[in-house]
Amino acid sequence: MMRRRNTPATETNKQATTRSFLKSEWPLFLYPALVVAAIVLLQAVHQSIEKDLTPSQRQADPSASQTTATTGQNDQNTSQARLPEDGSTLPPDALVPLPDTGATDTTLAADRLRMIEALRRRAEWTGSADSVGGGDLPQELQAVHAILTSLRQAVRDQDHPRIKEAMEELVALGDEVVGPLSDIVAGGTDEAALWAAEALARIGTPAATAALFETLAQIEDGPYKEQIAKTASNISNHDSWPLLLDTLQGTEDAMVQRAAGASLSRMADTPVLDEIVARYDAALTEEEAARLAQLVRNISSPQASESLRALAGDVSSSALDGLQQAAIEALANVGDAPSVNYLLSRLEAASPGEGGSLFSTITRISAPQAQSALLYAAAGSKDVSAEQGRTAAIYALENYPNAETCALLNQIVAAEDNTAVLTAALRTLESIQKTVPSVAENATSKADAGILLPLDPLQK
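Calculation notes
- Residues numbered from 1 in each chain as written.
- Predicted model: local features only at pLDDT ≥ 70, side-chain atom pairs only at ≥ 80, totals over all residues.
- Heavy atoms only, no water.
- Helix = DSSP H or I, 4+ residues; strand = E, 2+ residues; numbered from the N terminus.
- Buried < 20%, exposed > 50% of the residue type's maximum accessible area, 1.4 Å probe, protein only.
- Contact = heavy atoms within 4.5 Å.
- Areas by Shrake-Rupley, 256 points an atom, 1.4 Å probe, with all protein chains shown as cover.
- Expected span 1.5 Å × (residues − 1).
- Salt bridge = Lys/Arg side-chain N within 4 Å of Asp/Glu carboxyl O.
- Axes fitted to C-alpha atoms, helices over the stretch in contact; angles between N-to-C directions.
- Parallel < 35°, antiparallel > 145°, perpendicular 65-115°, else oblique.
- Left-handed = near helix turned anticlockwise from the far one by under 90°.
- Nonpolar A, V, L, I, M, F, W, Y, C, P; charged D, E, K, R; others polar.
- Core = buried A, V, L, I, M, F, W, Y, C linked by side-chain atoms within 4.5 Å.
- Phe/Tyr/Trp six-rings, centres within 6.5 Å; stacked < 30°, edge-to-face > 60°.

Focus: the overall build of the protein
Part 1 of the reasoning: In terms of helices and strands, the protein carries 23 helices and 2 strands.
Part 2 of the reasoning: Per-residue burial for the protein yields a buried fraction of 40% across its 460 residues.
Part 3 of the reasoning: Pairs at least 24 apart in sequence give 65% of the contacts found in the protein among residues at least 6 apart.
Part 4 of the reasoning: Here the protein displays about 25,100 Å² of accessible surface, and carbon together with sulfur accounts for 53% of that area.

Overview of helix 9 (residues 206-218)
One full turn of an α-helix is made of 3.6 residues, so residues set three or four places apart face in the same direction.
Part 1 of the reasoning: Between the first and last C-alpha of helix 9 there are 18 Å, a value that for 13 residues agrees with the 18 Å anticipated at 1.5 Å per step.
Part 2 of the reasoning: Among the residues making up helix 9, those that are buried are Ala 208, Thr 209, Ala 210, Ala 211, Leu 212, Phe 213, Thr 215 and Leu 216.
Part 3 of the reasoning: In this fold, the buried residues of helix 9 make contact with helix 7 (178-187), helix 8 (191-203), helix 10 (223-232), helix 11 (241-250) and helix 12 (254-267).

Quick notes on the pattern of salt bridges
Part 1 of the reasoning: This structure, assessed with the given rule, holds 12 salt bridges.
Part 2 of the reasoning: The salt bridge partner of Arg 162 is Glu 169, with a shortest N-O separation of 3.8 Å.
Part 3 of the reasoning: Assessed through its relative accessible area of 28%, Glu 169 is described here as partly exposed.
Part 4 of the reasoning: Across the pair Arg 291 and Glu 287 runs a salt bridge whose closest N-O atoms are separated by 3.7 Å. Taken as a pair, Arg 291 and Glu 287 lie in helix 14 (residues 286-297) at a separation of 4 residues, close to a single helical turn.
Part 5 of the reasoning: According to the relative accessible area criterion, Arg 291 is buried, its value standing at 16%.
Part 6 of the reasoning: Classification of Glu 287 by relative accessible area gives exposed; the value is 53%.

What about the packing of helix 16 (residues 322-334) against helix 17 (residues 337-349)?
Part 1 of the reasoning: Interaxial distance between helix 16 and helix 17 falls to 8 Å at its minimum, and their mutual angle equals 135°. It follows that helix 16 is oblique to helix 17 by the angle criterion. Crossing of helix 16 against helix 17: the hand is left-handed. Together, Ile 328, Leu 331, Ala 332 and Val 334 of helix 16 and Ser 339, Tyr 342, Leu 343 and Arg 346 of helix 17 make up the contact between the two elements.
Part 2 of the reasoning: Across the contact of helix 16 with helix 17, the residue classes tally to 6 nonpolar, 1 polar and 1 charged.

Some remarks on the nonpolar core
Part 1 of the reasoning: Ranked by internal contacts, the top residues of the largest apolar core, which has 97 residues, are Leu 181, Phe 213, Val 296, Leu 308, Leu 343, Ile 365 and Leu 374.
Part 2 of the reasoning: Per element, the largest residue contribution to this core is 8 residues, and it comes from helix 16.
Part 3 of the reasoning: The contacts of Leu 374, once residues within four sequence positions are left out, are Val 340, Ile 365, Ala 393, Ala 396, Leu 397 and Tyr 400.

Considerations on the packing of aromatic side chains
We describe a pair of aromatic rings using the distance from one ring centre to the other and the angle between the two ring planes.
Part 1 of the reasoning: Under the defined criterion, the tally for this structure stands at 1 aromatic pair.
Part 2 of the reasoning: Consider the rings of Phe 359 and Tyr 395, whose centres lie 6.3 Å apart with planes at 65°: the pair is edge-to-face. One end of the pair, Phe 359, is in helix 18 (residues 355-363); the other, Tyr 395, is in helix 20 (residues 386-396), and 36 residues separate them in sequence.
Part 3 of the reasoning: A relative accessible area of 23% places Phe 359 in the partly exposed class.

In short, shape yes, function no, at least from these values alone.
Have a look at this one:
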């Protein structure tokens, strides 16, 4: 058979069909081209990053040598970075921003370096910097890592001289070690964590104080929190008093309140007391006012003596409010000679119905610096009467069970005619003999030899 030849009309129809297919299905040819272009771009980015990273950084982050593709976008533009070794999550402050989809090669390289630095920092704070190239840390971070490692080892070995040395080194570094120390306190309940809290308290700067109290507030109630609170109550850096006062007023955590109040009570002076008074006057609730009054009541700093006496008012006037009464009671904590004499004078001037509380306030004085003033009053100062100030001073001497106290009491027992004074001396001496018998016995010979009237401490 003869094959039919294509006619011009048939050729024309084929060409028209081909053009129609190309026109309608051209996107099918675009996808492979885009895939090829994407692979080329990723390879170029990978080579740029490899060129910017040092050998130690490549070892620290093995994923840097592998090309990865990320789909989707994080709403907050952050990623929870993970250590290659154990997959543990980094702390919030180590989160590294993800690059934008349109980021340049330089931006991607910088993001990779930030990721490595975050990994390195976490390992440093947890004592495993070697796993992420700890030897390449900046010099100051290497020093912190070395001291913390030494402290942990010294605690394990119970090497107290080395613990002391490490603590002194940490305190000397100051705010530079606040971050890692607070991480240790928050992350463990062992002895090393307690020493870390102690280091923060000794540093005592506003940054260290804030970190310690923020960590304390996050710890669950229990023995460990009580130990950390006790440590926090020993902060003595005067620069931190505004923060302590804000903390006291701004928290409902009882342990945090007590710790902040205890630190304030030992560092209070005129500026601190003036601010407390201003906040007391501006208090909006009775609870807030009562908390500030209790803070004043607990003050024991001699630097607050003059301001407390001014707040307490004239010795012949009655207390007008809870803050003034708190100031009177705080003077018993301070216990310097002017404070003791103020309280004795106020007792002498008190009306019969008001003397009871003052008498009790004086008898609980126990500050070491108060003994001289109490001995002087107990021996018979011209400024106090036998029935009031002298008797109160004798009962207060029970808080000073030493040879000097017992010698004076023995002399009073041997020579005193006033019944109230004699009774007070006998009871106080008997109480001391029960609690510290050796002191009472050794003091008898001194009493037999006679004892001179103590000098007025204000005239020394």
